[in-house]
Amino acid sequence: MSTVITNNRLRNIAIIAHVDHGKTTLVDAMFRQSGLFRANQNVDERLMDTLELERERGITIAAKNCSITWKGVRINIIDTPGHSDFGGEVERALSMADGAMLLVDASEGPLPQTRFVLRKALAAGLKIIVVINKIDRQDARPQEVLDEIYNLLIDLDATDAQLEFPLLYAVGRDGIAVKTLDEKGHNLHILLDTILEEIPAPVYEGGAPFQMLVSDLGYSDYMGRLAIGKVFQGTARSKDSMIRIGKDGERLPLKVSQLQVYEGMILKESKAVQAGDIAVLAGIEDVQIGDTICNAQAPKALPRIKVDEPTVSMKFLINTSPFAGKEGRYVQSSRIRERLFKETLRNVAIQVEETGDRDSIMVKGRGEFQLAIIIETMRREGYEFCVGRPAAIYRYQNGTRLEPLEQLLVDCEDRFYGKVAEKLSLRKGKMTSMTNHGNGRVRMEFSIPSRTLIGYRDEFLTDTRGTGIMNSLFEGYGEFRGEFSGRFTGSIVADRVGHAVPYALFNLEPRGRLFILPGEPVYEGMIIGEHNRSQDINVNPCKEKKLTNIRAANKDDNVILSPIKPLTLEQAISFIREDELVEVTPKSVRMRKAILPAQKRHIRTKENLA
């Protein structure tokens, strides 16, 4: 009979929080106070945000691992994204954890995406530690937030044991944690001690053969493909012969060339890894997330990582505009297709499907934001391509069309309540609750189709004058709520190739909002603005002022154009209609018609009307 052994020298904890609730800042403070750095060492802020896009946007996109040592115990910290569009990252990260720290803002309280990650943690049976952060905020309401956390846990069917959670209060920016609001804290020692006391140590069977679940993939120029995951049973040493069990049960023999473990943010070579360790194995070329690496003499697969199905699809196409190939390094459909399939190896929530057309491919994901991040990453790598408008993925059950629904939480000033509620009702939203905290702000919850939310965020910020907060969470599938026209304005479309002229743009300003600056290159079919009316118009942005030899007092007035703010990638994706595309290059983001020549577009419109 095998004996059960507890590895008390190790703890694995995931940190879960909504976007901007201070998770990465708190991890920075844990690094500093655990003695990871010298006292005089210069250290960047937000160490865990290693991706360029994460530092720019101030959010966590990819789940990452690191470790600290406290009182002789190594604490492996798994940083999870706070945005529900990156749910695949959350699911694979939680597969490595034995417990979770729930971080909640003392003013905002638990938001929909906190709910998403917490539901996954509870379903995995993880021990929860609750930390109410930012208690130094002027609008902090820690007691009310604690009640909201209890309500959320009860709503998520938490067990009695999970409801008896340890509670701490913190100011992550200052590196302070306390047990009660009356205490004056000085450091995070009480938080680190609570992790050691409350988070269960990894448990394994003595003498059991080696088993590791691959939860992440990496790459090294020196060692090739890296398989990252938690060791569930047994021990492994460098140069050991192993076997990889894939998705369909296929088995591939392999030899581990090197073993590594996390020490802080860096990897350190290790002679052996044991149960509970988050290990990095080198020398495994053909491996995917969810595979099991185990002993060749006793091969046994672990349950694969399960992820929710994608809800939004987007078509990727080669660039066929007159400017194709001028700004990008990789423009061929084969290179774009290869890059997207490579993305599926690292991102378990992404699906890539062939369309039957050699020049296009369909990508499915959790939300438009997740797809926008992939597009932005690819353009920075030198890819040039076009993308279509995001579309909801429908299901059919007993002849009924079902569509993905979102739970939308809106927080705005009470004077904007009427306008926001009216706009969301037009978008097929149904209000489920409304709370007024008496501080001049209103919090509303809606059930709304995912497709009608596409493109609404900018309109919402305009309606609330930039003071509103909007967060959404995938709720499930519900009955189709009817057709909805997302945009009530048309497009201003260039009718020729050339460069935009200030005189022409000045005369086009009364027609609507322009997106281009003087001197910018344009081509036939390129969208240069938003028309005030519902129909599209073709215009000449290259028209120059006619010169005459007659001098008049008002002929030489300077042309003064209104300030123009070029659209970002996300704004462009949400702006376009079904017959329009976004042209993405490393240097530019342009919008265009799918059919460029105006004559062909006119013929197609007549055929559709007939």
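Before reading on, note that the structure itself is shown above.
Residues numbered from 1 in each chain as written. Predicted model: local features only at pLDDT ≥ 70, side-chain atom pairs only at ≥ 80, totals over all residues. Heavy atoms only, no water.

**Q** I'd like a description of the nonpolar core, backed by residues and values.
**A** By size, the foremost hydrophobic cluster in this structure holds 39 residues, and its most contacted members are I16, L102, L118, I128, I132, I149 and L153. Listed by contribution, the elements that provide at least two residues to this core are β2 (10-17), α3 (87-94), β5 (99-105), α4 (112-123), β6 (127-133), α5 (142-155), β11 (224-233) and β18 (278-282). Beyond its immediate sequence surroundings of up to four residues, I132 is in contact with V104, A106, P142, V145, L146, I149, L167, L168, Y169 and A170. By size, the runner-up hydrophobic cluster in this structure holds 31 residues, among which are Y330, F515, L567 and I573. (Core = buried A, V, L, I, M, F, W, Y, C linked by side-chain atoms within 4.5 Å. Buried < 20%, exposed > 50% of the residue type's maximum accessible area, 1.4 Å probe, protein only. Helix = DSSP H or I, 4+ residues; strand = E, 2+ residues; numbered from the N terminus. Contact = heavy atoms within 4.5 Å.)

**Q** How would you explain α5 if you had to name every residue and give the values?
**A** When the terminal C-alpha atoms of α5 are compared, their 20 Å separation across 14 residues agrees well with the 20 Å that a helix rising 1.5 Å per residue should span. Listed as buried for α5 are P142, V145, L146, E148, I149, L152 and L153. Looking down the long axis of α5, one finds its buried residues gathered within 160 degrees of arc, a one-sided arrangement. Within α5, the exposed residues directed more than 90 degrees away from the buried face are N151 and I154. Residue D157 follows α5 closely and has a positive phi angle near 60 degrees. (Expected span 1.5 Å × (residues − 1). Arc of directions from axis to C-beta.)

**Q** Provide a residue-level description of the packing of helix α1 (residues 23-33) against helix α7 (residues 189-198), including the pertinent values.
**A** It is at 10 Å that the axes of α1 and α7 come closest, and there the two elements cross at 90 degrees. When the interaxial angle is binned, α1 and α7 end up roughly perpendicular. On α7, the residues that touch L26, M30 and Q33 of α1 are H189, L191, L192 and I195. Taken together, the residues of the contact of α1 with α7 break down into five nonpolar, two polar and no charged. (Axes fitted to C-alpha atoms, helices over the stretch in contact; angles between N-to-C directions. Parallel < 35°, antiparallel > 145°, perpendicular 65-115°, else oblique. Nonpolar A, V, L, I, M, F, W, Y, C, P; charged D, E, K, R; others polar.)

**Q** How would you summarise the packing of helix α8 (residues 333-346) against helix α9 (residues 368-380) if you had to cite specific residues and measurements?
**A** In the contact formed by α8 and α9, the axes pass within 12 Å of each other and the chain directions differ by 130 degrees. Comparing the axis directions of α8 and α9 gives the class oblique. When you trace α8 past α9, the crossing you get is right-handed. Seen from α8, the contacting residues are I336, R339, L340 and E343; seen from α9, they are I374, T377 and M378. Residues of the contact of α8 with α9, tallied by class, amount to four nonpolar, one polar and two charged. (Left-handed = near helix turned anticlockwise from the far one by under 90°.)

**Q** Let's hear about empty space enclosed by the protein: which residues, and what values?
**A** A full pass over the atoms with the stated rule returns three cavities of 30 Å³ or more. Of the pockets and cavities examined, the second largest cavity occupies roughly 50 Å³. Lining the second largest cavity we find F316, L317, I318, S333, I336, R337, D359, S360 and I361. Among the secondary structure elements, those contributing two or more residues to the lining of the second largest cavity are β20 (312-317), α8 and β22 (360-365). Considering every element that reaches the lining of the second largest cavity, the biggest residue donor is α8, with three residues. Of the residues in the lining of the second largest cavity, the class split is five nonpolar, two polar and two charged. (1 Å grid on protein atoms, 1.4 Å probe; cavity = no way out; pocket = protein on both sides within 12 Å on 5 of 7 lines; lining within 4 Å. Points joined across faces, edges and corners; volume = space filled by probe spheres on them.)

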